[in-house]
Amino acid sequence: MHIELPEKRYYGIGEVAKAFGVNTSLIRFWEKEFDVLKPKKNAKGNRKFTPEDIKNLKFIYHLVKERGFTLEGAKTHLKEEKKQALENFEIVSKLEDIKNQLIKIKEHL
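Residues numbered from 1 in each chain as written. Predicted model: local features only at pLDDT ≥ 70, side-chain atom pairs only at ≥ 80, totals over all residues. Heavy atoms only, no water.

Colleague: I tried to follow the overall build of the protein on my own but got confused; where do I start?
Modeller: Counting its regular elements, the protein contains 4 helices and 3 strands. For the protein, the succession of helices and strands along the chain, N to C, is β-α-α-β-β-α-α. Principal-axis analysis of the C-alpha atoms gives the protein an extent of 50 × 35 × 20 Å. Split into buried and exposed, the 109 residues of the protein put 32% on the buried side. Excluding contacts between residues fewer than 6 apart, the proportion of contacts in the protein whose partners are at least 24 apart in sequence is 54%. (Helix = DSSP H or I, 4+ residues; strand = E, 2+ residues; numbered from the N terminus. Buried < 20%, exposed > 50% of the residue type's maximum accessible area, 1.4 Å probe, protein only. Contact = heavy atoms within 4.5 Å.)

Colleague: Please explain helix α2 (residues 24–33) as it appears in this structure.
Modeller: One turn of an α-helix holds 3.6 residues; hence residues three or four places apart share an orientation. Buried residues of α2: L26, I27, W30 and E31, and no others. Down the axis of α2, the buried set is contained in an arc of 145 degrees. They therefore lie on one face. (Arc of directions from axis to C-beta.)

Colleague: What is the right way to look at a nonpolar patch on the surface in this model?
Modeller: Together, I91, L95, I98, L102, I105 and L109 make up a nonpolar patch on the protein surface, roughly 670 Å² of accessible area in all. If you trace the backbone, I91 turns up in helix α4 (residues 71–107). (Patch = residues over 30% accessible without salt bridge, like charges linked within 9 Å, V, L, I, M, F, W, Y side chains within 5 Å. Areas by Shrake-Rupley, 256 points an atom, 1.4 Å probe, with all protein chains shown as cover. Salt bridge = Lys/Arg side-chain N within 4 Å of Asp/Glu carboxyl O.)

Colleague: Help me out: how do you make sense of the side chain of D53 in this one?
Modeller: Looking at the secondary structure, you find D53 in helix α3 (residues 51–66). As a buried residue without a salt bridge, D53 has its nearest oppositely charged side chain in K40, at a separation of 7.1 Å. Reaching out from D53, the side chain makes a polar contact with the backbone nitrogen of K38 at a distance of 3.2 Å. Apart from residues no more than four positions distant in its own chain, D53 is found in contact with V36, L37, K38, P39 and K48. (Lys, Arg positive; Asp, Glu negative; His and termini not counted. Polar contact = N/O pair within 3.5 Å; in protein donor to acceptor, adjacent residues only side chain to side chain.)

Colleague: What is the right way to look at helix α1 (residues 13–20) in this model?
Modeller: Taken together, the buried positions of α1 are I13, V16, A17 and F20. All buried residues of α1 project into a common sector of 95 degrees when viewed along the axis, lining one side. On the buried face of α1, the contacting elements are β1 (11–12), α2, β3 (47–49) and α3. Once α1 finishes, G21 follows within two positions and takes phi at roughly 70 degrees, a positive value.

Colleague: When you look at the pattern of salt bridges in this model, what are you seeing that I'm missing?
Modeller: Close approach of charged atoms lets side chains of opposite charge pair. One pass over the full model with this rule turns up 5 salt bridges. Of the charged contacts, one joins E52 and K55 as a salt bridge, the two residues approaching to 3.3 Å between their closest N and O atoms. A residue pair is termed a helical-turn pair when its members lie 3 or 4 positions apart in one helix, as E52 and K55 do in helix α3 at 3 residues. Here E52 falls in the partly exposed class, since its relative accessible area comes to 40%. Among the ionic contacts, a cluster of salt bridges with common partners joins E33, E72 and K75.

Written out as structure tokens, the structure reads:
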């Protein structure tokens, strides 16, 4: 999974859903289900996701969509092994980004 989002302080739910290739309703559902997701809301009630929220969303997406965890399984995994699992996931994500960059470089040679 390679999520492309520009570096910003806050992201709207529409751009987050588009980057993940899911509906905004799924993002709102995950927000209710996973207490690690705590987007700020502006005066109009619009959600503003932080880079930390995006990192947690990537991990939830990985567990549920890529590894096939149930929601309860993903919640348990997040609670029991969050720090170590998140660190491992971040390392793998960075390595995948490096791999993609190297492939692009190779194609331009």
